[in-house]
Structures are given as structure tokens and as C-alpha cells.
Amino acid sequence: MDHSAEDISKTVLADLGLALSAEQYGTRTSFAEVSAQTQLAADADAYLHPIVNAYLFQEAADFFRDGTEWTVVHGINWDGGSSLIDSDHWAEGEFGTLASSDLFKSARLREVFAGMNPRARLDCVELRLRPTGFTLLSGNEAGLDRCTERTRANVRNANLLA
């Protein structure tokens, strides 16, 4: 009996009961259209290609240490959400950026968070949200003037290579 790789993948995943949540990597950021085909592609990638290395923000940034002057967390995904990081405006959370209220419902915890240094805040983000993915930006001083103000603020406040 001949079966295509797609049929085998579908059968194996179904027989094992393996399926990713549509929001595993954020608010449907990994695929905009939810169809059987896109779900199969996400499931096959997650379960049939299981080589995954999990890194903390700092561990991933250390890969860039020898070649760049700065590395910052640009955006994060977690099960059910995704946001950009703006280390200058945690309280506001404007334009798709993470707000302290996304992390903590308690005003007391938001107050404690506001009093922390920006690097410690990133540690809190990791602990609270348990990211399923994140994006780093890395570069040198010469190119920083071409970056957005949000990126420049993140370099000033939360450079993981400082």
C-alpha cells in the first residue's frame, strides 16, 4: 500500500493524538489562515521534527557576543499571545507592545515591576509568560541610528550584551 508523506504524517499525528494549539506560538502569528493544511504543517513541524533547543533570552544573546555590540529582545510569543518589547513604556503597552498589565493583574505587582531595572524586568517576562519563541535584534553602534526609537531605547535600557 503506497501512501504519500502527507498521508503518513496525518495518520501518525492523528493516531498519536498530537495537535498543537492554534495559539501555541502567539495569537496565530505562525499562520494567519487556520485550515487543515496549515494545521498539519504546524503539527508536522512540531512533532515530526522534534529537534528543539530552548534558550533563555540571555543564552540566545550570548551567541552574538563576539560579533556585535548590542543584542535586545525585540518580540516574544507565548501560548495565546505575542507582543513587541518596549523597555521605555512598560506601563502603556501601546502599538502591540507588552504592558505590565499583560503580565500582572495586581496593581501591587505592577508597582514592584516598575521599580525593577529593565534587565530584571526581562527576567520577569520569561518567568511569567514562558515564551514559546522570541526574536532578538543585534547590531553595532554604527547601524543603531537606522533603527526605530523603540529599538534604540531597548539598546539603552536592556542590552543583553552590556
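Cut-offs applied
Residues numbered from 1 in each chain as written. Predicted model: local features only at pLDDT ≥ 70, side-chain atom pairs only at ≥ 80, totals over all residues. Heavy atoms only, no water. Helix = DSSP H or I, 4+ residues; strand = E, 2+ residues; numbered from the N terminus. Buried < 20%, exposed > 50% of the residue type's maximum accessible area, 1.4 Å probe, protein only. Contact = heavy atoms within 4.5 Å. Areas by Shrake-Rupley, 256 points an atom, 1.4 Å probe, with all protein chains shown as cover. Salt bridge = Lys/Arg side-chain N within 4 Å of Asp/Glu carboxyl O. Expected span 1.5 Å × (residues − 1).

Caption draft 1: The arrangement of the overall build of the protein in detail. Tallying secondary structure elements over the protein gives eight helices and three strands in all. For the protein, the residues scored as buried account for 33% of the 162 residues in total. Residue pairs at least 24 apart in sequence account for 71% of intrachain contacts in the protein once pairs closer than 6 positions are excluded. In the structure as shown, the protein presents an accessible area of about 10,000 Å², 53% of it carried by carbon and sulfur atoms.

Caption draft 2: Quick look at the pattern of salt bridges. Evaluation of the coordinates by the stated rule reveals four salt bridges. With a shortest N-O distance of 3.1 Å, Glu149 and Arg152 are connected by a salt bridge. Remark: Arg152 and Glu149 occur in helix 8 (residues 149–158); sequence separation between them is three residues, near one turn of the helix. Accessibility expressed as a relative area gives 25% for Arg152, which makes it partly exposed. Taking the shortest distance from any N to any O, the salt bridge between Glu149 and Arg156 comes out at 3.0 Å. Looking at Glu149, the relative accessible area reads 42%, which means it is partly exposed. Linked through salt bridges whose partners overlap, the residues forming this network are Asp88, Glu149, Arg152 and Arg156.

Caption draft 3: How the structure looks around unusual backbone geometry. For Arg130, which is not glycine, the phi dihedral falls at a positive 50°. With respect to the helices and strands, the residue Arg130 is situated in the loop between helix 6 (118–129) and strand 3 (133–139).

Caption draft 4: Region of interest: helix 2 (residues 36–47). A rise of 1.5 Å per residue sets the reference length of helix 2, with its 12 residues, at 16 Å; its end C-alpha atoms lie 16 Å apart and thus fit the reference within 8%. Within the span of helix 2, buried status applies to Gln39, Leu40, Ala42, Asp43 and Ala44.

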